[in-house]
Amino acid sequence: MSLFRRKSADLADPATEPVTPAEEDARPRGYTPGKGRQTPKRPATGRRPAGATKPLTKEEAKALRRERRAEAAAEFRREGGPRDRGPERVLARNVVDSRRTVGTWFFGGALVVLIGSNQMMPEAIRLASNLLWGALAVGVVIDSVLISRKIKKLVMARFPQTTQRMGSLYLYAIMRAITFRKLRTPEPRVAIGDQV
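Residues numbered from 1 in each chain as written. Predicted model: local features only at pLDDT ≥ 70, side-chain atom pairs only at ≥ 80, totals over all residues. Heavy atoms only, no water.

### Some points on a positive patch on the surface
Now for step 1: Among the surface-exposed residues, Lys58, Lys62, Arg65, Arg66 and Arg69 lie close enough to one another that they form a single positively charged patch.
Now for step 2: Look at arginine 66 and you get partly exposed, because its relative accessible area is 49%. (Patch = residues over 30% accessible without salt bridge, like charges linked within 9 Å, V, L, I, M, F, W, Y side chains within 5 Å. Areas by Shrake-Rupley, 256 points an atom, 1.4 Å probe, with all protein chains shown as cover. Salt bridge = Lys/Arg side-chain N within 4 Å of Asp/Glu carboxyl O. Lys, Arg positive; Asp, Glu negative; His and termini not counted. Charge placed at Lys NZ, Arg CZ, Asp CG, Glu CD. Buried < 20%, exposed > 50% of the residue type's maximum accessible area, 1.4 Å probe, protein only.)

Structure, rendered in structure tokens:
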């Protein structure tokens, strides 16, 4: 008895029927015999959902893109991006949004300084614009230090096990403080004067 030989019963496939030589000649050259069972249907779980088969016109596609862009912009304005996530960032935003900051006047003052420091202006206006520039710079620095100290105090009190780097949190709050309130993203959730 050989270990590697098949039994004669294994060689005969019950699904195939013996073919006579006359039937073999009647078949076309590339004929493949059937496998004796039906091909199973593909499962529907991995398929894409059936959508509208009618292609969109240019105007409809443009309107759909515009609508999706508006929805994404509104969501970003409401929720912010990846850099705005985390309870420490929410706290920093609330600290900045609950107070009036010198930084919000910084860009408006910079425009006045730019116009006032023109060589065509009288000497008194140029001197006043330079003094205004210095006052704005000192005000932003003092305001940034006060915001940073308040954020550090609140974060250490509420999140003692935080892994957030304090320097990046300060910079995040300072950049928000010099942005106009209506342009801040995410939108302010606290009113000026609210307790944080």
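Here the narrative resumes, following the displayed structure.
### Digging into the side chain of aspartate 143
Now for step 1: Among the structural elements, aspartate 143 can be located in helix 6 (residues 123-158).
Now for step 2: A distance of 3.0 Å separates a polar atom in the side chain of aspartate 143 from the backbone nitrogen of valine 102.
Now for step 3: Residues within four places of aspartate 143 in sequence aside, it is in contact with Arg99, Thr101, Val102 and Gly103. (Helix = DSSP H or I, 4+ residues; strand = E, 2+ residues; numbered from the N terminus. Polar contact = N/O pair within 3.5 Å; in protein donor to acceptor, adjacent residues only side chain to side chain. Contact = heavy atoms within 4.5 Å.)

### A few points about the nonpolar core
The nonpolar side chains of a soluble globular protein tend to be buried with one another.
Now for step 1: Ranked by internal contacts, the top residues of the largest apolar core, which has 14 residues, are Ala92, Ile147, Ile151, Val155, Leu169 and Ala173.
Now for step 2: When residues of this core are traced back to their parent elements, those giving at least two are helix 4 (87-97), helix 6 and helix 7 (166-177).
Now for step 3: The element that contributes the greatest number of residues to this core is helix 7, accounting for 6 residues.
Now for step 4: In this structure isoleucine 147 touches Val96, Arg99, Thr101, Ala173 and Ala177, once residues within four positions along its chain are discounted. (Core = buried A, V, L, I, M, F, W, Y, C linked by side-chain atoms within 4.5 Å.)

### A closer look at the packing of helix 6 against helix 7
Now for step 1: Axis separation between helix 6 and helix 7 bottoms out at 10 Å; the angle between their running directions is 130°. By the angle between their directions, the pair helix 6 and helix 7 is classed as oblique. Both helix 6 and helix 7 take part in a crossing whose hand is right-handed. Between helix 6 and helix 7, the contacting residues are Ser144, Ile147, Ser148, Ile151, Lys152, Val155 and Met156 on the first element and Met166, Leu169, Tyr170, Ala173, Ile174 and Ala177 on the second.
Now for step 2: Taken together, the residues of the contact of helix 6 with helix 7 break down into 10 nonpolar, 2 polar and 1 charged. (Axes fitted to C-alpha atoms, helices over the stretch in contact; angles between N-to-C directions. Parallel < 35°, antiparallel > 145°, perpendicular 65-115°, else oblique. Left-handed = near helix turned anticlockwise from the far one by under 90°. Nonpolar A, V, L, I, M, F, W, Y, C, P; charged D, E, K, R; others polar.)

### Remarks on helix 5 (residues 106-116)
Now for step 1: Within the sequence span of helix 5, burial applies to Phe106, Gly109, Val113 and Gly116. Down the axis of helix 5, the buried side of the element spans an arc of 90°, and every buried residue falls inside it. Counted as exposed and oriented over 90 degrees from the buried face of helix 5: Leu111 and Leu114.
Now for step 2: In this structure, the buried side of helix 5 is in contact with helix 6. (Arc of directions from axis to C-beta.)

### Observations concerning the packing of aromatic side chains
Now for step 1: Counted under the stated rule, the structure contains 2 aromatic pairs.
Now for step 2: Taking the centre distance of 5.6 Å and the plane angle of 75° together, the rings of phenylalanine 106 and phenylalanine 107 count as edge-to-face.
Now for step 3: Since its relative accessible area comes to 19%, phenylalanine 106 is described here as buried.
Now for step 4: The exposure class assigned to phenylalanine 107 is partly exposed, which follows from its relative accessible area of 44%.
Now for step 5: Taking NZ or CZ as reference, arginine 89 lies 4.6 Å from the ring centre of tyrosine 172, over its face. (Phe/Tyr/Trp six-rings, centres within 6.5 Å; stacked < 30°, edge-to-face > 60°. Lys NZ or Arg CZ within 6 Å of the ring centre and 35° of its normal.)

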